[in-house]
Amino acid sequence: MGQYIADGIILGATLSLGAIGLTLTFNILRFANFAHGELLTFGAYFGLALAGPLAFGPNIGSLTFGWGFLLVLVLAAVLTAGLAVLIDFIVFRVLRRSDVAVALVIASFGASLMLRNVVVFIWGPQPEYYSRAIAIAKPILPGVRVTSDEIFVVVLAAVLMVALHLFLTRTRLGKAMRAVSDNALLAQVTGVNVTNVIRMVWVVGGTLAAIGGVFYGLTVQMIPTMGFTLILPMFAAAILGGIGSVYGAVLGGMVIGLAESMSVMWIDPGYKPAVAFALMFLILLILPSGILGERA
Amino acid sequence: MSELALSVEDVVAGYVPGVDILRGVALEVRPGEIVTVLGPNGAGKSTLIKVVAGLLRVRSGALKLFGKDISNLPAHRMVGEGVGYVPQTNNVFPKMSVEENLELGAYVRTREIRRGLEQVYVTFPDLQRLRRQAAGRLSGGQRQMVAIGRALMLQPRLMLLDEPSAGLSPLLVGHVFDKIREVREIGVTILIVEQNAKAALAISDRGYVLAEGKDQVSGPAQELLENPEVGELYLGARKGLA
């Protein structure tokens, strides 16, 4: 039981980071971005490309990577944020001008497919790992064993979420983002440059997605379809928490992570992905605005 | 003649290409004045205020703010010129606190936030008490105060109010207009568009009546209140709609 909870929290960390970006794009740009999963994939593979050249220093403690990996994380985030801004510039910016709301969603499907295949083209379809070193799981509680990498992932995810909270509540740009998400027209007549805010949404979403992707690569593995498998639980997390709510996305990510992981106690692991759907379905039936969502 | 705070010169504007809502509106607001634009539904009042706020393009004609041509500046740049706009509806950030709403009003002049907040709390003491509340949970009257307070945070040279009385009880309407008068006393020039002619003209210096996309009658507020032609234009057209 304890082990499943621990595993759920670790998966939840990745899902939460991804769901934050989804919920932000949904709330500020008003569309469900199916290509968001590929931002996690690209984040992970950018990390893979950089991990070799930047593998300096001995491993930190019992982690499977050295200090250079922190730089890898930062650069992967920067590259992914850049990619997100670029995709917006090439694809979504143009379509935002049309009145066909569904065009953005369909375009995001297309972008997703294209990006996934770019990953296959560059890195190949086989699974990849940052390190072949075997991470040793140590007991932290009776019956609960986790690796140092996993602890690193959960702690850093928590730090990032606190940082995001501070960004959104304490900084001028963060407040502007919340203002646009709350009432875009009013934000505009208050002097907020909405174009800058949109760019920032991609930067924040891309950064968190990249780190979520690297975390997944670190704790599970990397494959070109990883983003595609993660997008649905991430949507479930965003909807569960209340679409548009950043805190809801964090909470939703944790709930979905825990539910998927704990479900193996009762059902065949093959059905794990169905758990996210079942939960999403239930939430939409009982509480359509999500746990922390605003009622219309 | 002294410089005008705002001059709207034969402005033509509309939403859909080829369909003009404003068909040559001309009006002037002098510094320190409260000017009200009246008119029946569909006369173009809200369109006019959106043009001045930079939300809608000027197709022909010009807008001048203290002599400077501001025609077709985008909305977020109008704010930089000192134009504070209070929309009719959805005029607060519902999930943000009252104080955050006010702070956003000073988005383009962040150095003045402290002083601005003090000033707003003097004008609207209730808002200080409510400052931690989410604006979406306030009553209609309180929201209107937040909206006006937010625009005041800019220390605007010109404040635009779109139907400040809309949806408020008669008692609250009086209160809101009293507050608008107080805002003018701080030194803000004010342009209001309103359907509630009596309440708005009572605090205004001058007024314009807009009908069919043009300014039809103008004059001192008191005169407009007594002018039978206004009643005809305004109420007549209203009856026609009903």
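What comes next is a walk through the structure. Note that the structure is a prediction, hence the values are computed from the model and not measured.

Considerations on the interface of chain A and chain B
Interface size is commonly expressed as the accessible area that is lost once the parts come together.
Here is step 1: Taken together, the 15 residues of chain A in the interface contact 20 residues of chain B.
Here is step 2: Secondary-structure elements contributing two or more residues to the side of chain A that touches chain B are α6 (172–182) and α7 (184–189) of chain A.
Here is step 3: If you tally residues by element for the side of chain A that touches chain B, the top one is α6(A), at 6 residues.
Here is step 4: When the residues that make up the side of chain A that touches chain B are grouped by side-chain class, the tally is 5 nonpolar, 5 polar and 5 charged.

Comments concerning the packing of helix α2 (residues 36–51) of chain A against helix α4 (residues 101–123) of chain A
Residue and element names in this part refer to chain A.
Here is step 1: Between α2 and α4, whose axes approach to 9 Å, the crossing angle comes to 20°. For the element pair α2 / α4, the angle class is roughly parallel. Once α2 is placed against α4, the crossing between them reads as left-handed. The residues of α4 that touch α2, namely those facing G37, E38, T41, F42, Y45 and L48, are S112, L115, R116, V119 and W123.
Here is step 2: Residue composition of the contact of α2 with α4, grouped by class: 6 nonpolar, 3 polar and 2 charged.

Re the pairing of strand β10 (residues 214–220) of chain B
Residue and element names in this part refer to chain B.
Here is step 1: Direction of pairing for strand β9 (residues 206–211) relative to β10: antiparallel, over a ladder of 6 bridges. Looking at the pairing, L210 lines up with D215 of β10.
Here is step 2: Where β9 folds back on β10, the antiparallel hairpin that results is connected by 2 residues, among which E212 adopts a positive phi of roughly 55°.

Digging into the sheet that holds strand β7 (residues 158–162) of chain B
Pairing between sheet strands relies on hydrogen bonds along the backbone, with the strands arranged either parallel or antiparallel.
All names here are of chain B.
Here is step 1: Strand order in the open sheet formed by 6 strands is β6-β7-β8-β3-β9-β10, and the pairing between neighbours is mixed. Edge strands, defined here as strands with exactly one partner in the open sheet, are β6 (83–86) and β10. Within the sheet, the average angular offset between the axes of one strand and its neighbour, ignoring direction, is 15°.
Here is step 2: Of the pairings in the sheet, the one linking strand β3 (residues 34–38) to β9 comprises 4 bridges and is parallel in character. Considered in β9, the bridge of L38 is made with V209.
Here is step 3: Sitting on the sheet, helix α6 (residues 140–152) touches β6 and β7, and the angle it makes with β6 is about 170°.
Here is step 4: The sheet strands contacting helix α7 (residues 170–185) are β3, β7 and β8 (189–194), and the helix crosses β8 at an angle near 155°.

The rules behind the values
Note that residues are indexed from 1 along each chain, following the sequence as it is written. By the order in which they are written, chains take letters starting at A while ligands take numbers starting at 1. At least 70 in pLDDT is required for a residue's local features to be given in this predicted model, at least 80 for side-chain atom pairs to be given and counted, and no such filter applies to totals for whole chains, interfaces and linings, which use all residues. Any residue pair is listed as a contact if its two C-beta atoms, each placed from the backbone, are within 7 Å. Numbering of helices and strands runs from the N terminus, with a helix taken as a DSSP run of H or I at least four residues long and a strand as a DSSP run of E at least two residues long. Classification used: nonpolar for Ala, Val, Leu, Ile, Met, Phe, Trp, Tyr, Cys and Pro, charged for Asp, Glu, Lys and Arg, polar for all others including Gly. All axes are obtained by fitting lines to C-alpha atoms, using only the stretch in contact for helices, and the reported angles, taken between N-to-C directions, cover 0 to 180 degrees. Oblique is the label for every angle not falling under 35 degrees (roughly parallel), over 145 degrees (roughly antiparallel), or within 65 to 115 degrees (roughly perpendicular). Crossings are classed by handedness, with left-handed meaning an anticlockwise turn of the near helix from the far one by less than a right angle and right-handed meaning a clockwise turn. At least two DSSP bridges between two strands are needed for those strands to be called paired.

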